[in-house]
Amino acid sequence: GAYLELSGDPNPVHTCDDAARDMGLPGCIVPGILIAGAAQNVIEDDRVTTLKARFMAPVPIGERVTFKCIERAGGLSRVFALGQDGVIAATIDFKSA
């Protein structure tokens, strides 16, 4: 709730189970950009210059998210955000200076 207030995100799929279900979701879901922001804590470089996120599966409010990081060539890192069921909810690619 605090994140939504700060971000000004009015999307009811994050606050109303009925609205989320009307969109085919299981209930309220975590904002994708909140997951992408949390993923930055997984990499060990504070000089991130580029972030590119792809969202593949919703994460219900209250569900645990696990992050796995793979270092790649050229200053790239890829973080996988996994839902409780092990499904990839998002991939987040970071480039560092």
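The rules we used
- Residues numbered from 1 in each chain as written.
- Predicted model: local features only at pLDDT ≥ 70, side-chain atom pairs only at ≥ 80, totals over all residues.
- Heavy atoms only, no water.
- Salt bridge = Lys/Arg side-chain N within 4 Å of Asp/Glu carboxyl O.
- Helix = DSSP H or I, 4+ residues; strand = E, 2+ residues; numbered from the N terminus.
- Pairing = 2+ DSSP bridges.
- Axes fitted to C-alpha atoms, helices over the stretch in contact; angles between N-to-C directions.

Examining the pattern of salt bridges
Side chains carrying opposite charge are able to pair once their charged atoms draw close together.
Alright, step 1. Applying the stated criterion across every chain yields a total of two salt bridges.
Alright, step 2. We note a salt bridge from Asp18 to Arg21, for which the minimum N-O separation is 3.7 Å. Of this pair, Asp18 and Arg21 both sit in helix 2 (residues 17–22), three residues apart, which is roughly one turn of that helix.
Alright, step 3. Measuring nitrogen to oxygen at the nearest pair gives 2.6 Å for the salt bridge that ties Asp93 to Arg78.

A few points about the pairing of strand 2 (residues 66–71)
Consecutive side chains along a regular strand alternate between the two faces of the sheet.
Alright, step 1. In this sheet, strand 3 (residues 76–82) lies alongside strand 2 in antiparallel orientation, the contact comprising six bridges. Note that in strand 3 the partner of Ile70 across the bridge is Arg78.
Alright, step 2. The loop that links strand 2 with its antiparallel partner strand 3 comprises four residues; one of these, Gly74, has a positive phi angle of about 75 degrees.

Thoughts on the sheet that holds strand 4 (residues 88–96)
Alright, step 1. Judged by pairing direction, the sheet is antiparallel, and its four strands sit side by side in the order 1-4-3-2 without closing on themselves. Of all the strands in the sheet, the pair left with one neighbour each is strand 1 (48–55) and strand 2. Looking at each pair of strands side by side, their axes are set apart by 20 degrees on average, direction ignored.
Alright, step 2. Strand direction decides the pairing type here: strand 3 and strand 4, joined by seven bridges, are antiparallel. Within strand 4, the residue paired with Leu82 across the bridge is Ile88.

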